[in-house]
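Survey of secondary and tertiary structure
Chain by chain, the residues:
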Amino acid sequence: MAELSTPSRFSLRRLRNLPLVPIIILLVVFIIPAFFAQWIAPHDPYVPNLRARLQPPVFFGGTWEYPLGTDRLGRDILSRILHGAWYVMAVSMIGIFVGVVVGTTLGLIAGYVRGRFDSLVMRLVDISLALPAMLLALALAAALGASFLSVVIVVGFALWAYFARQVRAEVLLLRDSDFVARSLVAGSSHARILFRHILPNVVNTIVVLATLQVGIAIMLDASLSFLGIGIPRPTPAWGLLVSDGRDFIATDWWIAFFPGLAIMLTVLSVNMIGDWLRDALDPRLKQF
Amino acid sequence: MKNPTILEARGLSKHFEVKDGFFSRETKTVRAVNDLNFEISKGETLALVGESGCGKTTTTRLLLRLQNPTQGVINFEGKDVHSLTGADLKRFRSRVQAVFQDPWSSINPRVRIRDFVAEPLIVNETLTSGEVDRRVHEALDAVGLGPAHARKYPHEFSGGQRQRIAIASAIVTRPDLVILDEPVSGLDVSIRSQIINLLKDMQQEYGISYILVAHDLATTRYLADKVAVMYLGSIIETGDTDQIFDHPRHPYTEALLSAALPSSPTEKNREIVLKGEIPSPLSPPDGCPFHPRCPKVVGNICSTAFPQLAAETPQVQVGCHIYK
Amino acid sequence: MNSQTKKPLLEVQDLKVEIKTKVGSFVPVNGHSFSVHEGETIGIVGESGSGKSMTASALMRLLPKHVAKITEGSVRLDGKELLTLSEKQMRKVRGAEISMILQDPQTSLNPAFTVGSQIKEALRLHAPGPRRSLRSRAIDALKAVKVAAPEQRIDAYPGELSGGMRQRVVGAIAISCRPKVIIADEPTTSLDVTVQAQYLRLLRELQEETGMAILFITHDFGIVASLCHRVLVMYAGRIVESGPVGKIFANPAHPYTEALIATVPSLSGNQGRLRTIPGQPPSPAEKIVGCPFAPRCDYADARCRSEAPPTVLANGDSEHTTSCWRAVNQ
């Protein structure tokens, strides 16, 4: 009913629907460990302790000394997951940052100037979306060697096209809006229009998309590590931890299970928070 | 006493190339605007009247330098608008402003009112922040909004208030000319007369000229000194508003005015219902663009020769073969 | 046209619609009572938020589920109560006995189907017959709304037609089953002036042929003046005045009607400064005490601001009612 639409505004009402469970899970599994692993991890994640090899988790015949069990070198799984969180967060955040900066810049300009530059960018987007990230990762690993940098580049490269495409689509619409015409008539420069009038109106989209991409970035990083073309050992990246447990899955399941669970819980809660954010920031969704 | 001309259009045309179908490589030319000539004096209101596809929107976009003409010139203070650069362009941008139809889409929702109203000042003049504030408060005051509103965001205002804000922003540089693109049709009926009166007050106060585009003929009559009636990209009748409304000469003007709704049931005038619809500008008819629908065709000449505008009275020009 | 002698086709009594939202509930349709007779056009005039579209949806029983609800009242179509019908029974009535023309011809036709198939669908639902005759009946429906070359146009897609032509097709669908009542919700807002004139004339002609009753929702007093026999003026969910068009224009009883007519510039020119109504209409969610128009009314006194006025006869005329304390005092 168009008659009832009231101007949308951000209000406390929206905060009532905060997705509390995903936020708590994310804090416990990902964010707090990422920043405080050094102080909360019970053991050193790197030092082997051969006397304590392959201890099962507590309640499965193990002890509270190693709550999630140990791996074949006797390293504490819990401590390794906690320390790995920092690395996973760094890769996904920096990777997404690269994707956002590259994708938004190209999308903004392509949507605004249109014409040849737009066609060029959109073809690059098509190519980038058609090219499997794994293939690129293999190539980069071969060229640069597997390193933190190459993982960040792969993540950024895998994601920029989504941002470029989405931002361009919105800029195309905004460019024809009356307020942009009004601003041109007022005498504003193109830079002013882009940064003062168009960019603020696509920020919501970028934030939501970036949140939803955290899950993809983590999965991508985990897959790269699992395949051995991610960051090299001994960094306890979660994908590497799963990969380490692969050979023991039939006998000592916990080595792969708990890192896998951490990946799943993190990605799931990030996605749920992203969905909520999309609804909360979307002015088209009325409060009825 | 004749006021000085501040803007004139000479032979103004705008043609677009469009693809002739989705798979076709051939293009067709749409003559959106064809050989327009008009001028506007200081403190005067010129209205462009016509139905969809008549080219009035394209004309305003050309006047605002949002599009370039295919042919012809627009002179503002004697200089061709479309070849202005540097300081001259800045001057044009601060002297000519616009108010758009939809008060919801013409204000950036993420900018404070103060910054929205101040934009034409900030980008064209070098003023201290205090001076900008003073000018913004003056403009808001002139449209009947208090300075306290300057800090708010657009969503806190109703449609009528938003249109006042848009007008404040259009007058903040004290321009010579404001283009009004359907300034009241996006508003509630009980709000419209407030805005119409405000526009009139602004004109008297600051001597602004208006170019008005409105489909509501009664509003046009109320606000405009001169009208230009457009059909399929051409002006077919132009001149003094009262003369044209009281005594339309072109058959299209006559039909258009007769189709306007009465303001009371006693005012029922004889309604001329035209046959057919406005032809597509992709394939305009030869000769007079109006002849396929015209109830007063005088002969072959209507479908073969384009009728040029000619003076019927000192204040009215008509383009119709009836008058030759 | 004397409405008293013809039979009433649509009778609405004390209709009330409530909307519940997270922010609270409000009543966009507050106790409407009116009737529409055979061959009569009644105009519902109001601004955005006055509840005029909500009234139309309520009559069609097409209110958004889970949000809006009819809480009171009765709607009788040719003697049959609509509010107690099951959803299935109501579907049979909708389109066949009461139908609707919406504001935007762009969105009320499905762009993926031809004009003909959309008319035939309406016919098949309510008046099934052999396949062959369906097509010729669809062509008849297009002829009825004066579409030129209906045999060709029937195979056209909506995108190939102009706005005026599309609105005619919408009209053809609405009248294809010969409904008794048509609700037209601002059908001409998106049309050009000359096309609007053609369309209004078409509605008048169709009405003369079929005797259908028309409920015309609009914000434009000009349309009311040229098309309607009677008019209901709505403000903030209430009918503030109703009566024959001539009487309301000549002698408006409610200050809102009076001001609204006076604010519209005249085509014949020579007016001084336009009259204005101060302020703005209340938002639907606003709590209203007393007369909803009191904050903008020149005549409002203390009672207007505290007590809602009853609906009374205006000037002792049995056809003309208003809801204003000034009329009570007369």
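These numbers were taken from a predicted model, which means no experiment stands behind them.

Description of the overall build of chain B
Regarding its fold elements, chain B presents 10 helices and 12 strands. Since a compact globule built from 324 residues should have a radius of gyration of about 20 Å, the 21 Å found for chain B is in line with a globular shape. Projected onto its principal axes, the C-alpha coordinates of chain B cover approximately 65 × 55 × 50 Å. Sorting the 324 residues of chain B into buried and exposed places 51% on the buried side. Put simply, of all contacts in chain B between residues at least 6 apart along the chain, 64% involve residues at least 24 apart.

Side note on the pairing of strand 12 (residues 317–322) of chain C
A regular strand places its side chains so that they alternate between the two faces of the sheet. Residue and element names in this part refer to chain C. Across two bridges, strand 10 (residues 238–244) lies against strand 12 in antiparallel orientation. Within the sheet, the bridge partner assigned to Glu-241 lies in strand 12 and is Thr-322. As paired strands, strand 11 (residues 312–314) and strand 12 are joined by three bridges and run antiparallel to one another. By the bridge assignment, Leu-313 is partnered in strand 12 with Thr-321. Counted along the chain from strand 11 to the antiparallel partner strand 12, the turn is two residues long, and its residue Asn-315 has a positive phi close to 55°.

Some remarks on helix 8 (residues 193–210) of chain C
Residue and element names in this part refer to chain C. A rise of 1.5 Å per residue sets the reference length of helix 8, with its 18 residues, at 26 Å; its end C-alpha atoms lie 26 Å apart and thus fit the reference within 8%. Of all the positions in helix 8, only Val-193, Thr-194, Val-195, Gln-196, Ala-197, Gln-198, Tyr-199, Leu-200 and Leu-203 are classed as buried. Two residues or fewer past helix 8, Gly-211 is found with a positive phi of approximately 70°.

Points about the sheet that holds strand 11 (residues 310–313) of chain B
Backbone hydrogen bonds hold the strands of a sheet together, and the pairing may be parallel or antiparallel. Residues and elements named next belong to chain B. The strand order across the open sheet built from eight strands is 6-7-8-3-9-10-12-11, with neighbouring strands paired in mixed fashion. Looking at which strands have only one partner, the edges of the open sheet turn out to be strand 6 (96–99) and strand 11. Here the average twist between neighbouring strands, direction ignored, is 20°. Pairing analysis gives four bridges linking strand 6 to strand 7 (residues 177–181), with the strands arranged parallel. Residue pairing across strands places Val-96 opposite Leu-177, the latter belonging to strand 7. The sheet strands contacting helix 9 (residues 251–259) are strand 9 (226–231) and strand 10 (234–240), and the helix crosses strand 9 at an angle near 100°.

Observations concerning the interface of chain B and chain C
It is common to report an interface's size as the accessible area lost on association of the parts. With 35 residues of chain B in contact, the opposing surface of chain C contributes 35 residues. For the side of chain B that touches chain C, the secondary structure elements donating two or more residues are helix 6 (189–206), helix 7 (217–223), helix 8 (241–246) and helix 9 of chain B. It is helix 6 of chain B that contributes the most residues to the side of chain B that touches chain C, eight residues altogether. Each residue belonging to the side of chain B that touches chain C can be placed in one class, and the counts come to 16 nonpolar, 11 polar and eight charged.

Topic: the nonpolar core
By size, the foremost hydrophobic cluster in this structure holds 265 residues, and its most contacted members are Val-117, Ala-168 and Ile-211 of chain B together with Val-181 and Leu-215 of chain C. When we break this core down by domain, the ones giving at least three residues each are domain 1 (1–97 + 181–265) and domain 2 (106–178) of chain C. When sequence neighbours within four positions are dropped, the list of residues in contact with Ala-168 of chain B reads Val-117, Ala-139, Leu-140, Ala-142, Val-143 and Leu-145 of chain B.

What to know about the pairing of strand 4 (residues 68–77) of chain C
Residues and elements named next belong to chain C. In this structure, strand 1 (residues 8–21) lies alongside strand 4, joined through eight bridges in antiparallel fashion. The residue of strand 4 that forms the bridge with Lys-16 is Glu-72. In the sheet, strand 4 pairs with strand 5 (residues 80–81) via two bridges, with the strands oriented antiparallel. When the sheet's bridge partners are listed, Leu-77 is paired in strand 5 with Lys-80. Between strand 4 and strand 5, which pair antiparallel one after the other, the connecting turn spans two residues, and Asp-78 there sits at a positive phi close to 50°.

Some remarks on the sheet that holds strand 2 (residues 24–37) of chain C
All names here are of chain C. Within the open sheet, the four strands sit side by side as 2-1-4-5. Their pairing is antiparallel. Every interior strand has two partners, whereas the edge strands, strand 2 and strand 5, have only one. Of the strands in this sheet, strand 1, strand 2 and strand 4 touch helix 1 (residues 52–60), which is tilted by about 70° from strand 2.

A short note on the environment of Leu-46 of chain B
Residue and element names in this part refer to chain B. Following the sequence through the fold, Leu-46 ends up in strand 3 (residues 45–49). Residue Leu-46 is classed as buried on the basis of its C-beta count, with 21 C-beta atoms lying within 10 Å. For the pair Leu-46 and Val-213, spaced 167 residues apart in sequence, the C-alpha to C-alpha distance is 8.7 Å. Not counting residues within four places of it along the chain, the set of residues in contact with Leu-46 comprises Phe-38, Ile-40, Ile-211, Ala-224, Lys-226 and Ala-228.

Description of the packing of helix 9 (residues 238–245) of chain A against helix 10 (residues 254–281) of chain A
Residues and elements named next belong to chain A. Contact pair helix 9 / helix 10: the axes reach a minimum separation of 7 Å and the direction vectors enclose 150°. One element, helix 9, and the other, helix 10, form an angle in the roughly antiparallel class. As for the relative orientation of helix 9 and helix 10, their crossing is left-handed in sense. The residues of helix 10 that touch helix 9, namely those facing Trp-238, Leu-241, Val-242, Asp-244 and Gly-245, are Ile-255, Ala-256, Pro-259, Gly-260, Ala-262 and Ile-263. Grouping the amino acids of the contact of helix 9 with helix 10 by side-chain chemistry returns eight nonpolar, two polar and one charged.

Section: the confidence of the model for chain B
When pLDDT is averaged along chain B, the result is 89, and 97% of the positions lie at 70 or above. With a pTM of 0.83, the predicted complex shows an ipTM of 0.83.

Observations concerning helix 10 of chain A
Residue and element names in this part refer to chain A. In this model, helix 10 (28 residues) spans 40 Å end to end at C-alpha, consistent with the 40 Å of a helix rising 1.5 Å per residue. Those residues of helix 10 lying buried are Trp-254, Ile-255, Ala-256, Phe-258, Pro-259, Ala-262, Ile-263, Thr-266, Ser-269, Val-270, Ile-273 and Gly-274. Against helix 2 (20–40), helix 3 (77–113), helix 8 (190–227) and helix 9 lie the buried residues of helix 10.

Description of the environment of Ser-306 of chain C
All names here are of chain C. Its location among the elements puts Ser-306 in helix 12 (residues 302–306). We classify Ser-306 as exposed; it has 11 C-beta atoms within 10 Å. Discounting residues that sit within four places of it in the chain, Ser-306 has contacts with Val-289 and Gly-290.

Let's talk about the confidence of the model for chain A
All names here are of chain A. Per-residue confidence for chain A gives a mean pLDDT of 85, with 92% of residues at or over 70. Across chain A, element-level confidence peaks in helix 3 with a mean pLDDT of 93 and bottoms out in helix 1 (residues 12–15) with 54. Below a pLDDT of 50 lies the segment residues 1–12, which in the model reaches 14 contacts outside its immediate sequence neighbourhood of four places, other chains included.

Cut-offs and rules
- Residues numbered from 1 in each chain as written.
- Chains lettered and ligands numbered in written order.
- Predicted model: local features only at pLDDT ≥ 70, side-chain atom pairs only at ≥ 80, totals over all residues.
- Helix = DSSP H or I, 4+ residues; strand = E, 2+ residues; numbered from the N terminus.
- Rg over C-alpha atoms; globule rule 2.2 N^0.38 Å.
- Buried ≥ 20, exposed ≤ 12 C-beta atoms within 10 Å, placed from the backbone.
- Contact = placed C-beta atoms within 7 Å.
- Pairing = 2+ DSSP bridges.
- Expected span 1.5 Å × (residues − 1).
- Axes fitted to C-alpha atoms, helices over the stretch in contact; angles between N-to-C directions.
- Nonpolar A, V, L, I, M, F, W, Y, C, P; charged D, E, K, R; others polar.
- Core = buried A, V, L, I, M, F, W, Y, C linked by C-beta atoms within 7 Å.
- Domains from an automatic or database assignment.
- Parallel < 35°, antiparallel > 145°, perpendicular 65-115°, else oblique.
- Left-handed = near helix turned anticlockwise from the far one by under 90°.
- pLDDT = per-residue confidence, 0-100.

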